[in-house]
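Architecture at a glance
The chain contents come next:
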Amino acid sequence: MKTKNSQDLFEKSKNHIAGGVNSPVRAFKSVGGSPIFFKKSRGCYLYDEDGNKYLDFVGSWGPMVLGHSNKNIINAIKNQASKGISFGAPTKNELEIAKIIKSYLPSIEKLRMVNSGTEATMSCVRLARGTTSRKKIIKFVGCYHGHVDSLLVKAGSGLATLGVPDSPGIPEELSELTISLPYNDIKSLDEAFAKFSDDIAAVIIEPIAGNMGFIEPEIEFLQHLRKVCTDNKTILIFDEVMTGFRVARGGVQELFDINPDLTALGKIVGGGLPVGVYGGKAEIMNNISPDGPVYQAGTLSGNPIAVSAGTALLKQLSDKGIYSEMENNAKKFLEYTKKAADRLGIPFSYNVRGGMFGFFFSEELPQNFDEVQKTNIDFFSKFFRKMLEKNIYLPPSAYESCFISTQHDAEKMLKAGKIAELSLEEIKNEI
Ligand code: KE4
């Protein structure tokens, strides 16, 4: 496959943009090779600068749940742009999208729009601390909530110990306020609450984890988490930036019927434009300025064009049947690939919910980050590169999840399974 133009663009970009990319995962560092520069997209396909066409399993990391270049979203963007780009003042567009979001996620009584998932989770953390006058936060190892200082924290040495920075530039004094626990582990959660209960402002979790590969929680773990937060007056934050409108229209909270106190949203809610949202119980959200003392603001928050794109997308989710259809289509790819892997003696496990799925080169599905690290990460990189050569664009990291759209029909997904079989046959001796 010719990718010379992409390679040249990457070399040039590295002289002007940090790492040559505007977000680290795009640089292909964990899978090797040079990143692909795209110039066009349509439906379930991406087109690169060398004229190659790819079946897209990344979907801009989630937003493209209706496929690329959805005509209603493009028309909404054009229509709003012709009237005005940004006013820095309230618009009725923001009222309209707020009502739609609340109708899809009824645990959200009041919300605030921001410009990214990171801003949404960062605001949830500050609001939780401001509301409870407590300082500590619990998160889970392998969950990613954006590049928020308080949440870029590695687990401490033992279980339920104070966190340590996961990046230079974050003071230990701040990281020590975050406790990072193993996902799906009720025992360490109870230990942390026993140790710090009266100072835990919030627990933040990806209610289905998508940033350590696709890891589903045990329902008992999530139910216990809800109970222990209620009992300790700790605010439960569901980070549904990835899972909102993705695994089900109402996210994981609809899927498992468990309501958080606050929810962070992003990705799909902006229709591909920069939008984040946080919201939840009115009694908590009323603490946000200007009505309350907890400060949060944003020049372009609720931007009319971004909100119009998000509204146009959300309005097309009226038929919840698209989620079971996407799940069934994803299974066409996954089951075919699993059968091929079994025939070739390659350990392969997978999981899927709605339009989101993940797979691991391991016999059993991992239940937490430590188990993910024991899967064959190196073989994933080989599989990624082989699939890319055959025009299938997987997420360039074993620690990500795959996202499909309503445009990824059964025929295309079955064809992708056959390409995966060919790919596995060509690299089976490298396992
Ligand atoms: P953004 O600030 O990137 O809009 O959202 C941060 C975020 C928050 N919460 C969850 C659960 C997320 O998955 C994300 C961002 N996801 C990554 C993909 N794993 C975005 C891709 C990237 O960082 O380039």
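Look up: the structure comes first, before these words.
Owing to the predicted nature of the structure, the values given are computational and were not obtained by experimental measurement.

**Quick look at the overall build of the chain**
Along its length, the chain carries 14 helices and 16 strands. Whereas a compact globule of 431 residues would reach a radius of gyration of roughly 22 Å, the chain reaches 21 Å, a difference of no more than 12%. In terms of overall dimensions, the chain has a C-alpha envelope of 55 × 55 × 45 Å along the principal axes. In the chain, which comprises 431 residues, the proportion classed as buried is 57%. A sequence separation of at least 24 residues applies to 72% of the contacts in the chain between residues at least 6 apart. Surface exposure of the chain reaches about 18,100 Å², of which carbon and sulfur atoms provide 51%.

**Focus on helix α2 (residues 71-83)**
For α2, which comprises 13 residues, the first-to-last C-alpha distance of 19 Å matches the rise-based estimate of 18 Å (1.5 Å per residue) to within 8%. Where α2 is buried, its residues meet α3 (92-104) and α10 (304-315). Its side-chain oxygen at 3.1 Å from the backbone nitrogen of N72, N70 defines the N-terminal cap of α2.

**Brief notes about the sheet that holds strand β16 (residues 402-403)**
Hydrogen bonds between backbone groups are what pair the strands of a sheet, and the pairing can be parallel or antiparallel. With respect to topology, three strands assemble into an open sheet ordered β13-β14-β16, the strand pairing being antiparallel. This sheet does not close on itself; its edge strands, each paired only once, are β13 (349-353) and β16. Direction of pairing for strand β14 (residues 356-360) relative to β16: antiparallel, over a ladder of two bridges. Note on β16: the bridge partner recorded for F357 is C402. Taken strand by strand, helix α11 (residues 321-344) contacts β13 and β14, and its axis lies near 175° from that of β13.

**Quick look at the layout of surface pockets**
The volume enclosed by the second largest pocket comes to roughly 490 Å³. Around the second largest pocket, the lining is made up of 21 residues, and of these P90, E94, R112, S301 and G302 lie nearest the centre. Looking at the lining of the second largest pocket, the elements that each hand over two or more residues are α3 and β4 (110-114). Looking at the lining of the second largest pocket residue by residue, the classes come out as 10 nonpolar, nine polar and two charged.

**What about a positive patch on the surface?**
On the surface, a cluster of positive charge is made up of K39, K40, R42, K53 and K415. The dominant element in the positive patch, judged by the number of residues it contributes, is strand β1 (residues 38-42), at three residues. Considering the arrangement of structural elements, one finds K40 in strand β1.

**A few points about α3**
Look at α3: 19 Å from first C-alpha to last across 13 residues, which is about the 18 Å you get at 1.5 Å a residue. Looking at α3, one finds that the buried residues are N93, E94, I97, A98, I100, I101 and Y104. Here the buried residues of α3 occupy an arc of 165° about the axis, which is enough to place them on one side. Of the exposed residues in α3, those oriented more than 90 degrees away from the buried face are K92 and K99. Packing partners of the buried residues in α3 comprise α2, β4, α8 (251-255), β11 (262-265), β12 (276-280) and α10.

**Details of the environment of K339**
Locating K339 in the fold gives a position in helix α11. Of the residues examined, K339 reaches a relative accessible area of 58% and is grouped as exposed. For the pair K339 and F37, spaced 302 residues apart in sequence, the C-alpha to C-alpha distance is 33 Å.

**Considerations on the packing of aromatic side chains**
Scanning the entire structure with this criterion turns up 21 aromatic pairs. An angle of 65° between the planes, with centres 5.8 Å apart, marks the rings of F348 and F361 as edge-to-face. One end of the pair, F348, is in the loop between α11 and β13; the other, F361, is in the loop between β14 and α12 (369-373), with 13 residues separating them in the sequence. Exposure class is identical for F348 and F361. Each is buried. The interplanar angle of 85° and the centroid separation of 4.8 Å between the aromatic rings of F361 and F379 together place this pair among those described as edge-to-face. Highlighted residues: F361 in the loop between β14 and α12 and F379 in helix α13 (residues 377-389), separated in sequence by 18 residues. Each member of the pair, F361 as well as F379, is classed as buried. In textbook terms, an aromatic cluster arises when at least three aromatic residues are bridged by ring pairs, as seen for F348, Y350, F359, F361, F379, F380 and F383.

**What about the site of the ligand?**
Near the ligand, the surroundings consist of 16 residues, among which S23, T118, N211, D239 and E400 are the closest. N211 places a polar side-chain atom, nitrogen or oxygen, 2.4 Å from a nitrogen atom of the ligand. Bound to the protein, the ligand loses 85% of the 540 Å² it would expose on its own. Across the shell around the ligand, the residue classes tally to five nonpolar, seven polar and four charged.

**Section: the pairing of strand β5 (residues 136-140)**
One face of the sheet, then the other: side chains in a regular strand alternate in exactly this way. Counting buried positions along β5 yields five of five residues, so the element is predominantly enclosed. Taking every second residue as pointing to the same face, both faces of β5 are buried, with K136, I138 and F140 on one and I137 and K139 on the other. Where β5 and strand β9 (residues 200-205) come together, three bridges link them in parallel fashion. Bridge pairing in β9 places I137 opposite A202. Pairing geometry for β5 and strand β8 (residues 178-181), over four bridges, is parallel. Residue pairing for β8: I138 is matched across the bridge by I179.

**Concerning the packing of α13 against helix α14 (residues 410-427)**
One can describe the packing of α13 onto α14 by two numbers: an axis separation of 9 Å at closest approach and a directional angle of 120°. Here α13 is positioned oblique relative to α14, judged by the angle of their axes. Two packed elements cross with a definite hand, and for α13 against α14 that hand is right-handed. Where α13 abuts α14, its residues F379, K382, F383, K386 and M387 lie against A416, I419, A420, S423, L424, E426 and I427. Looking at the contact of α13 with α14, its residues break down into eight nonpolar, one polar and three charged.

Rules used throughout
- Residues numbered from 1 in each chain as written.
- Predicted model: local features only at pLDDT ≥ 70, side-chain atom pairs only at ≥ 80, totals over all residues.
- Heavy atoms only, no water.
- Helix = DSSP H or I, 4+ residues; strand = E, 2+ residues; numbered from the N terminus.
- Rg over C-alpha atoms; globule rule 2.2 N^0.38 Å.
- Buried < 20%, exposed > 50% of the residue type's maximum accessible area, 1.4 Å probe, protein only.
- Contact = heavy atoms within 4.5 Å.
- Areas by Shrake-Rupley, 256 points an atom, 1.4 Å probe, with all protein chains shown as cover.
- Expected span 1.5 Å × (residues − 1).
- Polar contact = N/O pair within 3.5 Å; in protein donor to acceptor, adjacent residues only side chain to side chain.
- Pairing = 2+ DSSP bridges.
- Axes fitted to C-alpha atoms, helices over the stretch in contact; angles between N-to-C directions.
- 1 Å grid on protein atoms, 1.4 Å probe; cavity = no way out; pocket = protein on both sides within 12 Å on 5 of 7 lines; lining within 4 Å.
- Points joined across faces, edges and corners; volume = space filled by probe spheres on them.
- Nonpolar A, V, L, I, M, F, W, Y, C, P; charged D, E, K, R; others polar.
- Patch = residues over 30% accessible without salt bridge, like charges linked within 9 Å, V, L, I, M, F, W, Y side chains within 5 Å.
- Salt bridge = Lys/Arg side-chain N within 4 Å of Asp/Glu carboxyl O.
- Lys, Arg positive; Asp, Glu negative; His and termini not counted.
- Charge placed at Lys NZ, Arg CZ, Asp CG, Glu CD.
- Arc of directions from axis to C-beta.
- Phe/Tyr/Trp six-rings, centres within 6.5 Å; stacked < 30°, edge-to-face > 60°.
- Near = heavy atom within 4 Å.
- Parallel < 35°, antiparallel > 145°, perpendicular 65-115°, else oblique.
- Left-handed = near helix turned anticlockwise from the far one by under 90°.

None of this, on its own, says anything about what the molecule does.
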